[in-house]
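One-letter residues, chain by chain:
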Amino acid sequence: MPDAPPSPLVIGIDVGGTKTRLRALTGASTVADHVRPSSGWRPHDPDAAARWLTALVHETLPAGARPAALAVGGHACETPRQCAGIAAALHARLRAPVRVVGDAELLVPAAGLTEGVGLVAGTGSVAVGRLADGSPVQVGGWGAVLGDEGGAAGLVRESARALWAAHDRGEPPDALATALTAAFEVAEVPALGAALEGVSDVSADWGRHAPVVFAAADAGSVLAAEVVADGGRALAGLVARLAARGLAVDDVVVAGGTILSQPRLYDAFATALAAALPDARPRPLRNPPVDGAVALARSLL
């Protein structure tokens, strides 16, 4: 009998805010599984993004390997037009079917689902899904200065606001005040404003201090506990916003280092979601998001 034809080579790429993972497979066999920093990723310049992705593919795959299909979930790829521009530029270089989506759109296929909502609460926060006609919808994700409620940076921002309000009411510093002023290396609550404004990378430099908010809540700070609870309600509100726009929200795939590592935030989110949308099921993501990119690539064959 003639040998069976080789399985096509499919590539999935998850470009996150800090690290990128590429996984290439032929059938069930892994050809490459590579992690590298996301430095140099420029999603608002389609040609630059395509060059970056092409270089990643060429440096990762064995010599002579040619992909049959490729899918990318890109951090800060925020609109269909932007993603389509990157896909077109990448297709011109690789001459293979290409699909590019925002990185949060990898969550649903990574969970083995064909429809549902992806919710991310890491440094920032965002929720995504698709209408019945396939049109993508994103809510939230507006950055640490004005949005990203329930993400690490947003929790730190709201903690500072809560402390300033308590200071204005004449309340003595509590465990949250002690922890946050120490984290930002300032002597008192009023100095937090200059410290927050003086960082070089708002999202990263605020977000890395989020663990002290949870520690303060566990130590008995009512302010910190309220900030976390409000963050959980805000995340549930993102899902409710998608439901109000007609998206199916029966399954909500949850990912992100903040919400999955902090039970207090996850429980606040799940409680608020149950109250707002009783039929919605939160599902913590157990697989790496790059699995979703591989699934999308296979759907192109």
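It should be noted that the structure appears before, not after, this text.
Residues numbered from 1 in each chain as written. Predicted model: local features only at pLDDT ≥ 70, side-chain atom pairs only at ≥ 80, totals over all residues. Heavy atoms only, no water.

Engineer: Which parts of the structure should I look at to understand the overall build of the protein chain?
Structural biologist: Tallying secondary structure elements over the protein chain gives 12 helices and 10 strands in all. Since a compact globule built from 301 residues should have a radius of gyration of about 19 Å, the 21 Å found for the protein chain is in line with a globular shape. Dimensions of the protein chain along its principal axes, counting C-alpha atoms only, are 85 × 40 × 35 Å. Split into buried and exposed, the 301 residues of the protein chain put 48% on the buried side. Taking the contacts inside the protein chain whose residues are at least 6 apart along the sequence as the reference set, 65% of them involve residues at least 24 apart. When the accessible surface of the protein chain is summed, it comes to about 14100 Å², and 54% of that surface belongs to carbon and sulfur atoms. Counting 24 positive and 30 negative side-chain charges, the protein chain places the centres of these two groups 8 Å from one another. (Helix = DSSP H or I, 4+ residues; strand = E, 2+ residues; numbered from the N terminus. Rg over C-alpha atoms; globule rule 2.2 N^0.38 Å. Buried < 20%, exposed > 50% of the residue type's maximum accessible area, 1.4 Å probe, protein only. Contact = heavy atoms within 4.5 Å. Areas by Shrake-Rupley, 256 points an atom, 1.4 Å probe, with all protein chains shown as cover. Lys, Arg positive; Asp, Glu negative; His and termini not counted. Charge placed at Lys NZ, Arg CZ, Asp CG, Glu CD.)

Engineer: Help me understand helix H9 (residues 222-244) in this model?
Structural biologist: Helical geometry: 3.6 residues make up each α-helical turn, so side chains three or four residues apart lie on a common side. Between its first and last C-alpha, H9 extends 32 Å over 23 residues, near the 33 Å set by a 1.5 Å rise per residue. The set of residues buried in H9 consists of Leu223, Ala224, Val227, Val228, Gly231, Gly232, Leu235, Ala236, Leu238, Val239 and Leu242. Just downstream of H9, glycine 246 is the residue with a positive phi angle, here 95°. (Expected span 1.5 Å × (residues − 1).)

Engineer: Looking at this structure, I do not really get the environment of glycine 134. What am I missing?
Structural biologist: The topology assignment puts glycine 134 in the loop between strand S7 (125-130) and strand S8 (136-140). Taking relative accessible area as the criterion, glycine 134 reaches 32% and is therefore assigned partly exposed. For glycine 134 and threonine 178, which are 44 residues apart along the polypeptide, the C-alpha to C-alpha distance reads 49 Å.

Engineer: I keep staring at the nonpolar core and nothing clicks. Help me out?
Structural biologist: In a soluble, globular protein the nonpolar side chains are often hidden away together inside. Ranked by internal contacts, the top residues of the largest apolar core, which has 51 residues, are Val252 and Phe269. Among the elements that take part in this core, H9 stands out by supplying 9 residues, more than any other. Contacts of phenylalanine 269, omitting those with residues within four sequence positions, involve Leu119, Gly232, Leu235, Ala236, Val239, Val252, Val254, Ile259 and Pro282. Formed by 26 residues, the second largest nonpolar core is a distinct cluster that contains Leu53, Leu70, Leu94 and Val98. (Core = buried A, V, L, I, M, F, W, Y, C linked by side-chain atoms within 4.5 Å.)

Engineer: Whenever I open this one, the pattern of salt bridges confuses me. Can you help?
Structural biologist: Counted by the stated rule, this structure contains 14 salt bridges. In this structure, arginine 21 engages aspartate 33 in a salt bridge whose closest nitrogen and oxygen atoms are separated by 2.9 Å. One end of the pair, arginine 21, is in strand S2 (residues 19-26); the other, aspartate 33, is in strand S3 (residues 29-37), and 12 residues separate them in sequence. Here arginine 21 falls in the partly exposed class, since its relative accessible area comes to 24%. Note on aspartate 33: relative accessible area 38%, which makes it partly exposed. A salt bridge links arginine 157 to glutamate 158; the shortest N-O distance between them is 2.8 Å. On the basis of relative accessibility, which here comes to 29%, the residue glutamate 158 falls in the partly exposed class. (Salt bridge = Lys/Arg side-chain N within 4 Å of Asp/Glu carboxyl O.)

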